[in-house]
Amino acid sequence: MVAPMLETDLGEGVDEQEMYLRNLTKTLLLVGQSRRQSVLGGSRPVCQTKMTAHLTADVLKRVSDAYQSLSLEGKVKAVATLGDLMVEEVKAKGSSSSSSPSVKRLLLSLPLQETDAQRLISCLPRLHQLGAACRDDGVVLAVDAEWTYTNPAINLMTLALMHIFNRGEAGEIVRPVIWNTYQGYLKAAVENLQEDLAVASLLGSDVSFGAKLVRGAYMERERAWAAEQGHPDPVNDTYEDTCTVYNRMVRVMLEEVARAGAAAKLQGTASSRAVMVATHNEESVVRAAELVGRLGLDPQGGDVVFAQVYGMAENISVPLAAAGFLVYKSVPVGTVGEVLPYLSRRAAENRAVMRGARRERQLLAKELAARVTRRG
Ligand SMILES: Cc1cc2nc3c(=O)[nH]c(=O)nc-3n(C[C@H](O)[C@H](O)[C@H](O)COP(=O)(O)OP(=O)(O)OC[C@H]3O[C@@H](n4cnc5c(N)ncnc54)[C@H](O)[C@@H]3O)c2cc1C
């Protein structure tokens, strides 16, 4: 699983087509490499991507405000319109101008300024190219969750990609190519997940859905931003609350996978739901693994997978794999400058993570001592 370290924050993104083309080229290269170098047998490589590598955080924020103002039906219409425009823009070779029919159509379903609608439309051919490469190469595209002020737009764009790439050509069900990410540290996490599941279902019974479940990496920034804006804190009050919400999201998705798997068996089709339990938390992993067993899910089928960051939580990845589960390691890829914001987030992660790291060190020391004793 590769994670290109390409992202921007508010005020950082120069709306420069050349930079986005460079980001696309780098990501496409990784998609190709993950296919060629995959050692996963029947399972699929995964490429992560951040929407702020494809559109500025400032535009994403305004698109988020517009998308959030819509009812569920309005959201379904906006997603379907954006997906349809994605296909049409590829055919038109992205030549839409600010007053083009595409912009007018988008504005009918999403209350945006014309210039923002035009910018959103201008990134559609690039997103289409990425989605098509993943579909053609058998690679999963996992879109990362970012900040609460950009996430609704990320959901909109990712669902639009699902509308195009998570369905077969003749309406047959295919395994999800595009997966979205949900952050358990948010008070609204379960509702966010359930809303997107509802949007995907309303787009069509043949639209499949994949979810990567994480606790969330921007806690301090989220809290500071909410305080600055005078908004209520979107993050759970305690670490324990985040764990409860995270485990609830895992249950929601595992039950979805079980339901979709049963339907697929009956109809002789592919299964339309998949989940990645992306965490270093031992308790969440054990709970998820137990539920996989209780629901009778196939740990090798690829519809339920686990993931940790490369170089972290080997004490979780190794026993999981040994127990027969599919485990991915997310490998950050980029220049030093690109990787630094990511590394600083990992370093700034709270005491709970440090507790995990301490436990990992203790386990490593124990294993080392056992090996030395065995040799002696
Ligand atoms: C494969 C993979 C992909 C990832 N992709 C993303 C992504 O797309 N977007 C993203 O945001 N993150 C992503 N992450 C990072 C993830 O969100 C977490 O930051 C990281 O995994 C630590 O959480 P944990 O569940 O592993 O472990 P734990 O150590 O059990 O949990 C730490 C987490 O708990 C939460 N937390 C800690 N203290 C408190 C508190 N006082 N109150 C409320 N909550 C608290 C925070 O989210 C913190 O990061 C990814 C992680 C992995 C392994």
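Before reading further, recall that the structure is shown in the block above.
Residues numbered from 1 in each chain as written. Predicted model: local features only at pLDDT ≥ 70, side-chain atom pairs only at ≥ 80, totals over all residues. Heavy atoms only, no water.

Trainee: When you look at the overall build of the protein in this model, what are you seeing that I'm missing?
Mentor: The secondary structure content of the protein amounts to 14 helices and 8 strands. In terms of principal-axis extent, the alpha carbons of the protein reach across some 75 × 50 × 40 Å. Within the span of the protein, comprising 376 residues, buried residues form 52% of the whole. Taking as baseline every contact in the protein between residues at least 6 positions apart, the subset at least 24 positions apart corresponds to 77%. Element-wise, carbon and sulfur atoms account for 56% of the exposed surface of the protein, whose accessible area totals about 17,100 Å². Positive and negative charge centroids in the protein, built from 43 and 43 side chains respectively, lie 5 Å apart. (Helix = DSSP H or I, 4+ residues; strand = E, 2+ residues; numbered from the N terminus. Buried < 20%, exposed > 50% of the residue type's maximum accessible area, 1.4 Å probe, protein only. Contact = heavy atoms within 4.5 Å. Areas by Shrake-Rupley, 256 points an atom, 1.4 Å probe, with all protein chains shown as cover. Lys, Arg positive; Asp, Glu negative; His and termini not counted. Charge placed at Lys NZ, Arg CZ, Asp CG, Glu CD.)

Trainee: Could you clarify how one ought to interpret unusual backbone geometry in this entry?
Mentor: Leaving glycine out, the prevailing phi sign among residues is negative, and the prevailing peptide bond configuration is trans. Phi at A313 is positive, roughly 55°, even though this residue is not glycine. Taking the relative accessible area as the measure of exposure, A313 reaches 4% and is therefore buried.

Trainee: Where do I start with the pairing of strand β5 (residues 209-214) in this structure?
Mentor: The two faces of a sheet get side chains in turn, since along a regular strand they alternate between them. Among the 6 residues that make up β5, 6 are buried, leaving the element largely enclosed by the rest of the structure. The two faces of β5 match: F209, A211 and L213 on one face and G210, K212 and V214 on the other face are all buried. Sheet topology places strand β4 (residues 178-183) next to β5; 5 bridges connect them, and they run parallel. Of the residues in β5, the one forming a bridge with W179 is G210. Handedness of the β4-helix α8 (residues 189-203)-β5 crossover: right-handed. In terms of strand pairing, β5 meets strand β6 (residues 273-278) through 5 bridges, oriented parallel. (Pairing = 2+ DSSP bridges. Right-handed = clockwise from strand over helix to strand, strands pointing away.)

Trainee: Got a minute to help me understand the pattern of salt bridges in this structure?
Mentor: It is possible for side chains bearing opposite charge to pair when their charged atoms get close. Within the structure shown, the criterion is met by 18 salt bridges. Among the salt bridges present, the one from K75 reaches E195, with a minimum N-O distance of 3.1 Å. Placement of the pair is K75 in helix α3 (residues 72-91) and E195 in helix α8, with a sequence separation of 120 residues. Overall, the relative accessible area of 7% leaves K75 in the buried class. (Salt bridge = Lys/Arg side-chain N within 4 Å of Asp/Glu carboxyl O.)

Trainee: What's the story with the environment of Q129 in this structure? I'm lost.
Mentor: When you line up the elements, Q129 lands in helix α6 (residues 124-137). With a relative accessible area of 42%, Q129 lands in the partly exposed category.

Trainee: What should I look at first to understand the packing of aromatic side chains in this one?
Mentor: Between two aromatic rings, the relevant description is the distance of the centres plus the angle of the planes. In this structure the tally under the stated criterion is 5 aromatic pairs. Taking 5.3 Å as the distance between ring centres and 50° as the angle between the ring planes, the aromatic pair formed by W147 and Y218 counts as tilted. Within this pair, whereas W147 is found in the loop between β3 (140-143) and α7 (151-165), its partner Y218 is found in the loop between β5 and α9 (219-229), the two being separated by 71 residues in sequence. The same class applies to W147 and to Y218, which are both buried. With 4.5 Å between their ring centres and 50° between their planes, Y149 and W225 make a pair best called tilted. Of this pair, Y149 sits in the loop between β3 and α7 while W225 is found in helix α9, placing the two residues 76 residues apart along the sequence. Residues Y149 and W225 agree in their burial class; the two are buried. A network of ring pairs unites the aromatic residues W147, Y149, Y218 and W225 as a single cluster. Directly above the ring of Y246 sits R215, whose terminal nitrogen or CZ lies 4.6 Å from the centroid. (Phe/Tyr/Trp six-rings, centres within 6.5 Å; stacked < 30°, edge-to-face > 60°. Lys NZ or Arg CZ within 6 Å of the ring centre and 35° of its normal.)

Trainee: Would you explain the nonpolar core in this entry?
Mentor: Side chains that are nonpolar tend, in soluble globular proteins, to be buried together. Core analysis: the largest hydrophobic core is formed by 90 residues, its most contacted members being L110, L193, F209 and L213. Within the second largest apolar cluster, 13 residues are counted, among which are M1, V46, W179 and M276. (Core = buried A, V, L, I, M, F, W, Y, C linked by side-chain atoms within 4.5 Å.)

Trainee: Sorry if this is basic, but what is going on with the side chain of K329 here?
Mentor: Along the polypeptide, K329 turns up in strand β8 (residues 327-333). Residue K329 is classed as buried on the basis of its relative accessible area, which comes to 17%. Separated by 2.7 Å, the side chains of K329 and S317 make a polar contact. In contact with K329, not counting residues within four places along its chain, are M1, Q308, V309, Y310, G311, M312, A313, E314 and S317. (Polar contact = N/O pair within 3.5 Å; in protein donor to acceptor, adjacent residues only side chain to side chain.)

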